[in-house]
Amino acid sequence: MRVERLEPDMRRRNHWRARGDAAVTHATMASAVYTIQPMRTIIEPFKIKAVEPIRMTTAEERDRKLRAAGFNVFLLPAEDVLIDLLTDSGTAAMSSEQWAAVMRGDESYAGSRSWYRFEAAVHDIFGFRHVLPTHQGRAAERILFSVLCRPGHVVPNNTHFDTTRANIEFTGAEARDLVIPEGRIPSARHPFKGNMDVDALRRLIADVGAERVPLCMLTVTNNSGGGQPVSMANVRAVSGICKEYGIPLYIDACRFAENAYFIKLREDGYAGRRPVEIARELFSYADGCTMSAKKDGLANIGGLLATNDELLAAKERNLLILTEGFPTYGGMAGRDLDAIAVGLHEALDEDYLLYRIRSTTYLGEHIAQAGVPIVQPPGGHAIYLDAAAFFPQIPPLQLPGQALVVELYREAGIRGVEIGTVMFGKRDPESGQETAAAMELVRLAIPRRVYTQSHIDYVVEAILQVWERRANVRGYRFAEQAPWLRHFTARFEEVA
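So, here is what we can say about the structure in this document. (Residues numbered from 1 in each chain as written. Predicted model: local features only at pLDDT ≥ 70, side-chain atom pairs only at ≥ 80, totals over all residues. Heavy atoms only, no water.)

1. Remarks on the sheet that holds strand 4 (residues 130-134)
Argument step 1. On the basis of which strands lie adjacent, the open sheet formed by five strands has the order 4-10-9-8-7 and mixed pairing. Lying at the two open borders of the sheet, with one neighbouring strand each, are strand 4 and strand 7 (216-219). Looking at each pair of strands side by side, their axes are set apart by 15 degrees on average, direction ignored.
Argument step 2. As judged from the four bridges shared by strand 7 and strand 8 (residues 249-252), these two strands associate in the parallel manner. Directly across from Met217, in strand 8, lies its bridge partner Tyr250. (Pairing = 2+ DSSP bridges. Helix = DSSP H or I, 4+ residues; strand = E, 2+ residues; numbered from the N terminus. Axes fitted to C-alpha atoms, helices over the stretch in contact; angles between N-to-C directions.)

This is how it looks when you write it as structure tokens:
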């Protein structure tokens, strides 16, 4: 992607590497010294081997589709979406090596070769002794919280994502968000806005008692907080507090590779470390993890639950057998286990990560330069629009985030997702009264290895066109909603 200037640690790295502030590296060939100038254009580190057509739609057609779906883009047929930024989960384009691995898939019910390759990859990167495969991340969450959580328990996290929170609350426990103060201010700039507030963690443990905290979690990167990374120093500090009180620390590892690369770029002492080495250190401070392999596993389905606790693993394995399948396939086909085994390592490739992080930043920089309010700095997997600042005329309970989601689809066929009062607000079941979420965001999650710069330029243009007519946009209210994860199936109506 064409950029005017990159910081030294973001320059293209291939057969040369920038050192300090140097713009060039010297290579000796045939007793002569040549100066190699790194390219400023960061290209996709892959070639396209297969294409999928996009069906173009008109504004009138999109408006009809929106009304039929109750203004909920989750309910739109995918063929009616031009650029799908609803999620980066399970939407990646798999590599030729992954497709080759799919063909090697062993579909034996128990003890397949695919399972052992999957287990070896997880052990190599994550280091935990016990690995349980699941069909996706929320299945791992459900098993973990079903075993550990009870009514009256409190589970701290930097910021819980929707399925994490729902699975905790389904057990009767409370999910508590403890992100640092900068993480609650979209416009604030901080290199690690995903960090947990360690003082707040100590206060929580003191207030409720360590016996009521069955585990502590850290989400890396912090999805609901804008895709912001967590520093190694923060992981180390949280781990120290948890060990002091005998509380297990679990990592939500969905985007562990992106977080590792942010640490390499931004944290002192890590510039010379490989992403895989950084990831191994990060997991060494934890007692276990959950992961949706549909993100940094670069796969279309799958997940895992890992732990160092043998007794806990036995309980989890029994529940896995009851609800997911035998412990060596866990609800997945062998071919998917093989695809993940390859994808976990591909996600840690430095050329891929440079392209991934820089291409997301490209989108954020171009709209922010025009005044569009976003969560700063841009995250790793997504750009988060600050819907409250985008539509200041729409109060939180008239769902400004949902209004922005609707307008992006109506304008250009782009599907994003609201992360605000629709997803995280609270509705009192007796009075029906709504409580707004802390922030009103819209996430534009970029699938891995799917869209080119032309697609992203189209997204930039669409956002700017909605920005120009923002004063004329109205809010929405719920017409129907479910008690759990209501954003998936709710229907809305425009506020008169």
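2. What to know about the environment of Leu322
Argument step 1. Residue position: Leu322 is located in helix 10 (residues 310-323).
Argument step 2. On the basis of relative accessibility, which here comes to 68%, the residue Leu322 falls in the exposed class.
Argument step 3. Taking the C-alpha atoms as reference, Leu322 lies 34 Å from Gly225; in sequence the two are 97 residues apart. (Buried < 20%, exposed > 50% of the residue type's maximum accessible area, 1.4 Å probe, protein only.)

3. A few points about the pattern of salt bridges
Argument step 1. Applying the stated criterion to the full structure yields 33 salt bridges.
Argument step 2. Where Arg410 meets Asp63, a salt bridge forms, and the shortest distance between an N and an O atom there is 3.0 Å. Placement of Arg410 in helix 14 (residues 400-412) and of Asp63 in helix 1 (residues 59-68) is noted, with a sequence separation of 347 residues between them.
Argument step 3. Residue Lys426 pairs with Glu169 through a salt bridge whose shortest N-O separation is 3.0 Å. Here the residue Lys426 occupies a position in strand 14 (residues 426-427), and Glu169 occupies one in helix 5 (residues 162-170), the gap between them amounting to 257 residues.
Argument step 4. A residue is classified by how much of its surface remains accessible, and Lys426, at 41% relative accessible area, is partly exposed.
Argument step 5. Counted as one network, the salt bridges with shared partners bring together Asp63, Arg67, Glu407, Arg410, Glu411, Arg469, Arg474 and Glu494. (Salt bridge = Lys/Arg side-chain N within 4 Å of Asp/Glu carboxyl O.)

4. Here's the deal with the sheet that holds strand 13 (residues 417-419)
Through backbone hydrogen bonds, the strands of a sheet pair up, either in parallel or in antiparallel fashion.
Argument step 1. Taking strand neighbours across the sheet as the criterion, the three strands line up as 11-16-13 in an open arrangement whose pairing is antiparallel. Looking at which strands have only one partner, the edges of the open sheet turn out to be strand 11 (382-386) and strand 13. The sheet shows a mean angle of 30 degrees between the axes of neighbouring strands, taken without regard to direction.
Argument step 2. Bridging between strand 11 and strand 16 (residues 441-445) involves five bridges; their strand directions are antiparallel. What sits directly across from Tyr384, in strand 16, is Arg443.
Argument step 3. Running over the sheet, helix 14 touches strand 11, strand 13 and strand 16 and is turned about 40 degrees from strand 16. (Contact = heavy atoms within 4.5 Å.)

5. Quick look at helix 12 (residues 350-368)
Argument step 1. Along its 19 residues, helix 12 runs 27 Å from first to last C-alpha, staying within 8% of the 27 Å computed at 1.5 Å per residue.
Argument step 2. The N-capping residue of helix 12, defined by a side-chain oxygen 3.2 Å from the backbone nitrogen of Asp351, is Asp349. (Expected span 1.5 Å × (residues − 1). Polar contact = N/O pair within 3.5 Å; in protein donor to acceptor, adjacent residues only side chain to side chain.)

6. Overview of the layout of surface pockets
Argument step 1. In this structure, the largest pocket encloses a volume near 1400 Å³.
Argument step 2. Lining of the largest pocket is provided by 40 residues; of these, Ala50, Ala92, Ala93, Arg449 and Val450 occupy positions nearest its centre.
Argument step 3. At the level of secondary structure, the elements contributing two or more residues to the lining of the largest pocket comprise strand 3 (83-84), helix 2 (96-104) and helix 12.
Argument step 4. Ranked by residues supplied to the lining of the largest pocket, first place goes to helix 2 with three residues.
Argument step 5. Of the residues assigned to the lining of the largest pocket, the class counts are 20 nonpolar, seven polar and 13 charged. (1 Å grid on protein atoms, 1.4 Å probe; cavity = no way out; pocket = protein on both sides within 12 Å on 5 of 7 lines; lining within 4 Å. Points joined across faces, edges and corners; volume = space filled by probe spheres on them. Nonpolar A, V, L, I, M, F, W, Y, C, P; charged D, E, K, R; others polar.)

7. Here we look at the packing of aromatic side chains
Argument step 1. Tallied over the full model, the rule gives 15 aromatic pairs.
Argument step 2. Between Tyr109 and Phe326, the aromatic rings sit 5.8 Å apart at their centres with planes inclined by 40 degrees, giving tilted as the arrangement. Separated by 217 residues along the polypeptide, Tyr109 in the loop between helix 2 and helix 3 (113-126) and Phe326 in the loop between helix 10 and helix 11 (334-346) bring together distant segments of the chain.
Argument step 3. A relative accessible area of 32% means that Phe326 is categorised as partly exposed.
Argument step 4. Among the aromatic residues, ring-to-ring pairing joins Phe126, Phe128, Phe256 and Phe283 into one connected group.
Argument step 5. Here Arg470 stacks its cationic end above the ring of Trp467, 3.6 Å away from the centre of that ring. (Phe/Tyr/Trp six-rings, centres within 6.5 Å; stacked < 30°, edge-to-face > 60°. Lys NZ or Arg CZ within 6 Å of the ring centre and 35° of its normal.)

8. Some points on the packing of helix 8 (residues 256-266) against helix 12
Argument step 1. Two elements in contact, helix 8 and helix 12, have axes separated by 10 Å at closest approach and are oriented at 85 degrees. Regarding the angle of helix 8 to helix 12, the classification is roughly perpendicular. When helix 8 is examined against helix 12, the residues Ala257, Glu258, Tyr261, Phe262 and Lys264 are found in contact with a partner set consisting of Glu350, Leu353, Leu354, Arg356 and Ile357.
Argument step 2. Among the residues forming the contact of helix 8 with helix 12, the class breakdown is six nonpolar, no polar and four charged. (Parallel < 35°, antiparallel > 145°, perpendicular 65-115°, else oblique.)

9. A closer look at the side chain of Asp197
Argument step 1. Tracing the chain through its elements places Asp197 in the loop between strand 6 (174-177) and helix 6 (198-208).
Argument step 2. At a separation of 3.0 Å, a polar atom in the side chain of Asp197 contacts the main-chain amide nitrogen of Ala200.
Argument step 3. Ignoring sequence-local partners within four residues, the contact set of Asp197 consists of Leu178, Val179, Ile180 and Pro181.

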